[in-house]
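An overview of the molecular structure
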Amino acid sequence: MSESDKPPKFAPIQVQLEAGKQYYWCRCGLSKNQPFCDGSHKNTGITPLAFMTDESKSAWLCVCKKTDKAPYCDGTHNRINRENGYE
Ligand code: FES
């Protein structure tokens, strides 16, 4: 597999979340505004995850889309990156 054929290396994105504000986490992986939805999921059958928090806080949101704690990173990207040949 050449480097250009290699899947992307995933890493979560740290964001500042405001209490009570509605966010839409991208579930499809196509958004150009990761980790948030930009509408690119249209016609995929996938919809974004709407969420909000009770307190303003910094959080790491999932970008690999395989987390079991959506929208938050649970470390699954480390396994995916290893499987895709990244150290
Ligand atoms: S762009 Fe991915 S869920 Fe909307």
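Residues numbered from 1 in each chain as written. Predicted model: local features only at pLDDT ≥ 70, side-chain atom pairs only at ≥ 80, totals over all residues. Heavy atoms only, no water.

A closer look at the overall build of the chain
The helix and strand inventory of the chain stands at one helix and four strands. In sequence order, the secondary structure elements of the chain are arranged as β-β-β-β-α. If one aligns the C-alpha atoms of the chain with their principal axes, the spans along those axes are about 45 × 30 × 20 Å. Taken across its 87 residues, the chain has 29% of its residues classed as buried. By sequence separation, contacts in the chain at least 24 residues apart represent 56% of the contacts at least 6 residues apart. Carbon and sulfur atoms form 48% of the exposed surface of the chain, whose accessible area is close to 5,800 Å². The chain carries 12 positive and 10 negative side-chain charges, and their two centres are separated by 3 Å. (Helix = DSSP H or I, 4+ residues; strand = E, 2+ residues; numbered from the N terminus. Buried < 20%, exposed > 50% of the residue type's maximum accessible area, 1.4 Å probe, protein only. Contact = heavy atoms within 4.5 Å. Areas by Shrake-Rupley, 256 points an atom, 1.4 Å probe, with all protein chains shown as cover. Lys, Arg positive; Asp, Glu negative; His and termini not counted. Charge placed at Lys NZ, Arg CZ, Asp CG, Glu CD.)

Structural notes on the state of the cysteines
Applying the stated criterion across every chain, the model contains zero disulfides. Free cysteine: cysteine 64, not disulfide-bonded; nearest cysteine sulfur from cysteine 62 at 3.9 Å. (Disulfide = S-S within 2.5 Å.)

Remarks on the packing of aromatic side chains
Applying the stated criterion to the full structure yields three aromatic pairs. Considering the side-chain rings of tyrosine 23 and phenylalanine 36, the 5.6 Å spacing of their centres and the 25° angle between planes classify their relative orientation as stacked. With tyrosine 23 in strand S2 (residues 23-25) and phenylalanine 36 in the loop between S2 and strand S3 (49-51), this pair connects stretches of sequence that are 13 residues apart. Of the two residues examined, tyrosine 23 and phenylalanine 36, each falls in the buried class. Each ring, one from phenylalanine 51 and one from tyrosine 72, has its centre 6.2 Å from the other, and the planes form 70°; the classification is edge-to-face. Taken as a pair, phenylalanine 51 in strand S3 and tyrosine 72 in the loop between strand S4 (57-61) and helix H1 (76-83) lie far apart in primary sequence, 21 residues in all. (Phe/Tyr/Trp six-rings, centres within 6.5 Å; stacked < 30°, edge-to-face > 60°.)

What about the UniProt feature "domain: Iron-binding zinc finger CDGSH type" (unreviewed entry) in the chain?
As recorded in UniProt, the feature "domain: Iron-binding zinc finger CDGSH type" (unreviewed entry) lies at residues 10-47 and 48-83. Taken end to end, residues 10-47 is 0% helix and 21% strand, and its first and last C-alpha atoms sit 21 Å apart. The distance from the first to the last C-alpha atom of residues 48-83 is 26 Å, and the span holds 22% helix and 22% strand. (UniProt positions renumbered as here; feature names shortened; annotations may be inferred.)

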